[in-house]
Every structure is written in C-alpha cells, then in structure tokens.
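Take a look at the letters that make up each chain.
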Amino acid sequence: MSHKHVSIDELSAYLDGEARHSTAVRDHLQRCAECAQRHAELAKLSSHMRTLPAPDVSPAFATRVMAAVRETRPEPLGFRWLRWASVGMGVAAGLVLAAAWVMNRPPAAPPAVAANSPAHAVDAERLMQVIEARIAQGEDPGAVEYAGADWDNAEAVPASADLELAQLAQSEWFDPLAEEVESTIDVDTMIASLSPEQVQVFKQLLAAYAKEG
Amino acid sequence: MSELSDWQLVDRARMGELDAFAELVRRYQSPLVHFCRRMVGSPEDAEDLAQESFVRVYRSLGRLRPEAKFSTVLFGMARNLTLNFLRDSERRGRGMTDSMAQADGTEEHIADEAGRPDRRARLREIETCIEQGLSRVSPEHRAILILREIEGLDYDAIAETLKCRKGTVKSRLARARDQLRARIAELGLEL
C-alpha cells in the first residue's frame, strides 16, 4: 500500500481547526514523521507570526483621519446608476486588456484553445473606444501599460483566478462599495493569474460581453 | 459611545454624527495600521494608507450592506489600497518600501542578536526574520497571511474580506504559508 502524505491544504486547515478530516489527519501525523515535521514547521511559523508586536500608531493619527473625514462627505444614494455605469466602464476596460493579452500572448505558452475561439467575436474596436474614452476622462492610463507587461514571468496566483472569473461572471464587482472597491480592483493581477484553462473561460466571458454589449 | 456595536456606530455616522465614526476609527486604528504596516513596510506609508481606507469607507457609508461586517469592509479596502500601492511602487522602480528594503541588510543584525540570551533580542530576531520572509512572498499571499495570523480573522471573515469562497481561503492560505516557510529557508534564516 502506497504511503500518501497529507496535502499542504489539509495540513494548513488542520492547523486552523478547519480540516475536513481532522481525525484522519491527526492519526496520520502520529504515524508519518515527514508530515509531522511539516506540520510542526507551519505551527511554529503561525505561532511566531501571532507574537509580532503591533506597531505604535502616531498619537495624532485619529485626529488626522477625522480631519480628512471632515473634508469629505458620504456620497448620496442618488446617482447610483451613474456610479454603476462607471463600474461598467471599468469592467469593459479590464476586458479589453484581457482580450489584448489573450490575443497577443506569445505562442510559446499558448492556451489550448480552438482557432475559432469565441474571443474572435469581440468587437475590439468598439471596446477600445470605450477604454480610450475612459482614459480621456482622466482615469489611470497606467492600467494600459499592463497590456505589455511580462505576463509569462508574473507570479501565478491560480487560486484567485477562478474566484475573480466567477465574480466577473456574476457581476459581483458591482458591490458592496461599488465605486471605491471597483476603482481599486487589481484587474492586472487577475489577468496575470489566469491558467490556460481559465483563459478559455475568460474568452467565453469576453464573447458574452461583446454579444450583450 | 464605546458600548455601541459597529453597526450602531455606522448608522449614527450615516446620520452625520462624526463622533460615531471617530469611535470606529479609535476601535480599528491599531489593527488597520498594523495590517498596512506589514503589507507595505514603511510606517509612514502604512498610516497614510490606513487613513485613506477610513476616508473611503466613510465616503461609502451609505452603501454598506447591513450583513457585511464593518471590519471586513475596512480590511478589504485596506487590502485593495495596499496592493495598488505596492504595484505602483514597483512601477516607479521603488520595489519594496523603505523598511522592508532595510530588512535586506538585517541578516548580520540577526546574527548579532542571536548571540544574546535575552528574550527581547529573540523576539526582534523572529520579527526581522518574518518581515524578511513576508517581503518576499507575493502581496496577495502576504495579505491573507496577515489577515489570518496577525489580525486573527477566521476563514469566513477572510472570505468576506477578500470576496471569495471559503475553499479558496483554505487553499490560498496553505500556499501562502508554504511560500513564507520556503522564503525564510532560502534566506538561510531559522525561526
């Protein structure tokens, strides 16, 4: 019978009392020195992190925050449609960047996509007009620079990609702090983290967007 | 004011009671600045980002959903702002911020302090070691590690903060821990 080790996911969850099969993990750790050592290392790391001292906050910090707060005001609930429209523009811009990246990705690492990919259905010209208008309105043109970034050497965060795609598909980007959160969403990180399989899903989303748009 | 729940304070702040928001600031300033500090390194940048997080959340009070925890909204905002800050710093060629960059030269410092028997030196040694390791993991991984290990958020709260599924928290946190352990080992440091 082969000796299977506990996965890092399960070991980490066990550490937090979140393992699905905690009894089995506990039993395994008693038998397997390798897993027990790995678990001990993670536990030590976790324990040390919890002892890190909180940095001192400047005595005037709260005063500074409240001074800044007094100079702003909560946004009225009206004009929500306007904010959502701006979110839509943001998503559109992200999709354009994604499309540009997907279509221009070097052939050395091509996603397994058929030649008649739905991405070809995207009206790139129209979408480019959207992003150009967005930039003309004074929004961050730096986002565009990312279309030429070194994607292949970007650090992959695969776990987040499916999440981000799901969020995009469900339009969860529109909430809860629509304008504030949307303006800080890191589309670039999302794109950089896509696996070839996820690229396919993204292409389908792009096609759906183009069809609906 | 201090006996009110976060949401009672949010309701009052929505009605224009600035004292209510000031209480929220007092309540969360320390953990929020701590989060930002571990994310970006520099104490000054950390306070600026924490301040901006409070201001943006204040501006959006009218749109907060009652089912959301105020703390997760706040940390979610801080996480987005710090990630953007780090990305912009990298674009400007600044890379790691000041104090994290300083941590690069701390191996000798660690060696010096390791010889001392006192506990403070040992704690400082551990802190420096973890700081160096954290500065070398991806910002996304750093964020989830800080939320879990330093801020003590449970998986549900992290999922709400990062707007992801609990299963994603589990796998991302595992990878983050593994990455941190590996980075510290690569540096030849020992906890």
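Scroll up for the structure.
Scope of this entry: the structure provided in the associated data block. (Residues numbered from 1 in each chain as written. Chains lettered and ligands numbered in written order. Predicted model: local features only at pLDDT ≥ 70, side-chain atom pairs only at ≥ 80, totals over all residues.)

**Looking at unusual backbone geometry**
Phase 1 of the analysis: With phi around 55°, K163 of chain B is a residue other than glycine that occupies positive phi space.
Phase 2 of the analysis: Residue placement: K163 of chain B occurs in the loop between α9 (155-162) and α10 (166-186). (Helix = DSSP H or I, 4+ residues; strand = E, 2+ residues; numbered from the N terminus.)

**Quick notes on the packing of helix α4 (residues 70-91) of chain B against α9 of chain B**
All names here are of chain B.
Phase 1 of the analysis: Two elements in contact, α4 and α9, have axes whose closest approach is 8 Å; the angle formed by their N-to-C orientations is 55°. Between α4 and α9, the angle is such that the two are oblique. Like other packed secondary-structure pairs, α4 and α9 cross with a definite hand, here right-handed. Along the contact surface, α4 presents T72, F75, G76 and R79, while α9 presents A157, E160 and T161.
Phase 2 of the analysis: Along the lines of polarity and charge, the residues of the contact of α4 with α9 split into 2 nonpolar, 3 polar and 2 charged. (Axes fitted to C-alpha atoms, helices over the stretch in contact; angles between N-to-C directions. Parallel < 35°, antiparallel > 145°, perpendicular 65-115°, else oblique. Left-handed = near helix turned anticlockwise from the far one by under 90°. Contact = placed C-beta atoms within 7 Å. Nonpolar A, V, L, I, M, F, W, Y, C, P; charged D, E, K, R; others polar.)

**Points about the interface of chain A and chain B**
Phase 1 of the analysis: With 49 residues of chain A in contact, the opposing surface of chain B contributes 58 residues.
Phase 2 of the analysis: Secondary-structure elements contributing two or more residues to the side of chain A that touches chain B are α1 (8-15), α3 (33-50), α4 (61-70), α8 (158-169) and α9 (178-184) of chain A.
Phase 3 of the analysis: Its residues assigned to classes, the side of chain A that touches chain B comprises 25 nonpolar, 11 polar and 13 charged.

**Re helix α3 (residues 43-59) of chain B**
Phase 1 of the analysis: For α3 of chain B, built from 17 residues, the straight-helix expectation of 24 Å at 1.5 Å per residue is met to within 8% by its first-to-last C-alpha distance of 24 Å.
Phase 2 of the analysis: Of the residues making up α3 of chain B, those classed as buried are D45, A46, E47, L49, A50, Q51, S53, F54, R56, V57 and Y58 of chain B. (Expected span 1.5 Å × (residues − 1). Buried ≥ 20, exposed ≤ 12 C-beta atoms within 10 Å, placed from the backbone.)

**Examining the packing of helix α2 (residues 18-40) of chain B against α4 of chain B**
Residues and elements named next belong to chain B.
Phase 1 of the analysis: Orientation of α2 relative to α4, taken along the N-to-C sense of each, is 30°, at an axis distance of 10 Å. With respect to each other, α2 and α4 are oriented roughly parallel. The two elements α2 and α4 meet at a crossing, and its hand is right-handed. Contacts between α2 and α4 involve L24, Y28, L32, F35, C36, M39 and V40 on the former and, on the latter, F70, S71, L74, F75, A78, T82, F85 and L86.

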